[in-house]
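These are the residues of each chain, in order.
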Amino acid sequence: MVALSGEIKEVFNKTKVMPMATASKSGVPNVAPMASIQLVADDTVWIMDNYMQKTLENLKENPVVALYFYDAETKRCFQVKGSTEIRTSGADYEKFRDQVKAKGHKYPAKSLIVIKITDVFECTPGKEAGKKVL
């Protein structure tokens, strides 16, 4: 199990929008910005599917994702990779759906993407860039 350190969680929580990369079963990539996102445990991220099309299709074919997050103030950045599960019911889905819908009616909150983090990489420019940290 990968457990994010305090510094990594701090950078994650400062980032408002994160690019998320997916790929189809045949390897066609897709990157989309994620804003309805929450770190719910040291190894688990929730993302609400509000407007996903290609991303959701890819996740159904290939459940592996990468998220990139960056803190402009400290210039620190990390990439996490993980496996996903798509939920359209249950307590976790309902809890996050209600949080997202409370922000406004424009968010359809169609499904919950649960990411279990498997790897963390350093992205900050320098000699450690690309190094696996967890």
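Above this note sits the structure.
Bear in mind that the values here come from a model prediction, so they are computed numbers and not experimental data. (Residues numbered from 1 in each chain as written. Predicted model: local features only at pLDDT ≥ 70, side-chain atom pairs only at ≥ 80, totals over all residues. Heavy atoms only, no water.)

1. Observations concerning the overall build of the protein chain
Reasoning step 1: When helices and strands are counted, the protein chain shows three helices and seven strands.
Reasoning step 2: Start at the N end of the protein chain and walk to the C end: the helices and strands fall as α-β-β-β-β-α-β-β-α-β.
Reasoning step 3: Relative to the globule expectation of 14 Å for 134 residues, the C-alpha radius of gyration of the protein chain, 15 Å, shows essentially globular dimensions.
Reasoning step 4: Here the protein chain holds 134 residues, and the buried ones make up 43% of them.
Reasoning step 5: Of the roughly 7400 Å² of accessible surface on the protein chain, 54% is carried by carbon and sulfur atoms.
Reasoning step 6: For the protein chain, the centre of its 20 positive side-chain charges and the centre of its 16 negative side-chain charges are spaced 3 Å apart. (Helix = DSSP H or I, 4+ residues; strand = E, 2+ residues; numbered from the N terminus. Rg over C-alpha atoms; globule rule 2.2 N^0.38 Å. Buried < 20%, exposed > 50% of the residue type's maximum accessible area, 1.4 Å probe, protein only. Areas by Shrake-Rupley, 256 points an atom, 1.4 Å probe, with all protein chains shown as cover. Lys, Arg positive; Asp, Glu negative; His and termini not counted. Charge placed at Lys NZ, Arg CZ, Asp CG, Glu CD.)

2. What to know about helix 3 (residues 91-101)
Reasoning step 1: For helix 3, the full list of buried residues reads Tyr93, Phe96 and Val100. Looking straight down helix 3, one finds that the buried residues subtend no more than 80° of arc, so they occupy a single side.
Reasoning step 2: Those residues of helix 3 that are buried lie in contact with strand 3 (37-41), strand 4 (44-49), strand 6 (76-87) and strand 7 (111-122). (Arc of directions from axis to C-beta. Contact = heavy atoms within 4.5 Å.)

3. So, the nonpolar core
Reasoning step 1: Ranked by size, the top nonpolar core spans 25 residues in total, and within it Met20, Val45, Ile47, Leu67, Phe69, Ile115 and Val120 carry the most contacts.
Reasoning step 2: Here this core takes four residues from strand 7, the largest share from any one element.
Reasoning step 3: Aside from chain neighbours lying at most four places away, what touches isoleucine 115 is Met20, Asp43, Thr44, Val45, Ile47, Val65, Leu67, Gly82, Ser83 and Thr84.
Reasoning step 4: Within the second largest apolar cluster, eight residues are counted, among which are Trp46, Met48, Tyr93 and Ala109. (Core = buried A, V, L, I, M, F, W, Y, C linked by side-chain atoms within 4.5 Å.)

4. Some details on the pattern of salt bridges
Two side chains of opposite charge can pair, provided their charged atoms sit close to one another.
Reasoning step 1: Going through the model one piece at a time under the given rule, you end up with 13 salt bridges.
Reasoning step 2: Among the ionic pairs, lysine 14 bridges to glutamate 73, the shortest N-O distance being 4.0 Å. Here glutamate 73 lies in the loop between strand 5 (64-71) and strand 6 and lysine 14 lies in helix 1 (residues 6-14), a separation of 59 residues in the sequence.
Reasoning step 3: A relative accessible area of 35% means that lysine 14 is categorised as partly exposed.
Reasoning step 4: Here glutamate 122 and arginine 76 are joined by a salt bridge, their closest N and O atoms 2.5 Å apart. Taken together, the residues glutamate 122 in strand 7 and arginine 76 in strand 6 connect sequence positions 46 residues apart.
Reasoning step 5: Under the relative-accessibility criterion, glutamate 122 is labelled buried at 9%. (Salt bridge = Lys/Arg side-chain N within 4 Å of Asp/Glu carboxyl O.)

5. Observations concerning the pairing of strand 3
Reasoning step 1: In this sheet, strand 4 lies alongside strand 3 in antiparallel orientation, the contact comprising four bridges. Counterpart to glutamine 38 in the pairing with strand 4 is tryptophan 46.
Reasoning step 2: The antiparallel hairpin formed by strand 3 and strand 4 contains two residues in its connecting segment. (Pairing = 2+ DSSP bridges.)

6. Examining the packing of aromatic side chains
Reasoning step 1: Evaluation of the coordinates by the stated rule reveals three aromatic pairs.
Reasoning step 2: Between tryptophan 46 and phenylalanine 96, the aromatic rings sit 5.7 Å apart at their centres with planes inclined by 50°, giving tilted as the arrangement. Placement of tryptophan 46 in strand 4 and of phenylalanine 96 in helix 3 is noted, with a sequence separation of 50 residues between them. Assigned by exposure class, tryptophan 46 and phenylalanine 96 land together as buried.
Reasoning step 3: Plain terms: the ring middles of phenylalanine 69 and phenylalanine 78 are 6.1 Å apart, the flat faces sit at 35° to each other, and that makes the pair tilted.
Reasoning step 4: Judged by its relative accessible area of 0%, phenylalanine 69 is buried.
Reasoning step 5: Aromatic ring contacts, followed pair by pair, group Phe12, Phe69 and Phe78 into a single cluster. (Phe/Tyr/Trp six-rings, centres within 6.5 Å; stacked < 30°, edge-to-face > 60°.)

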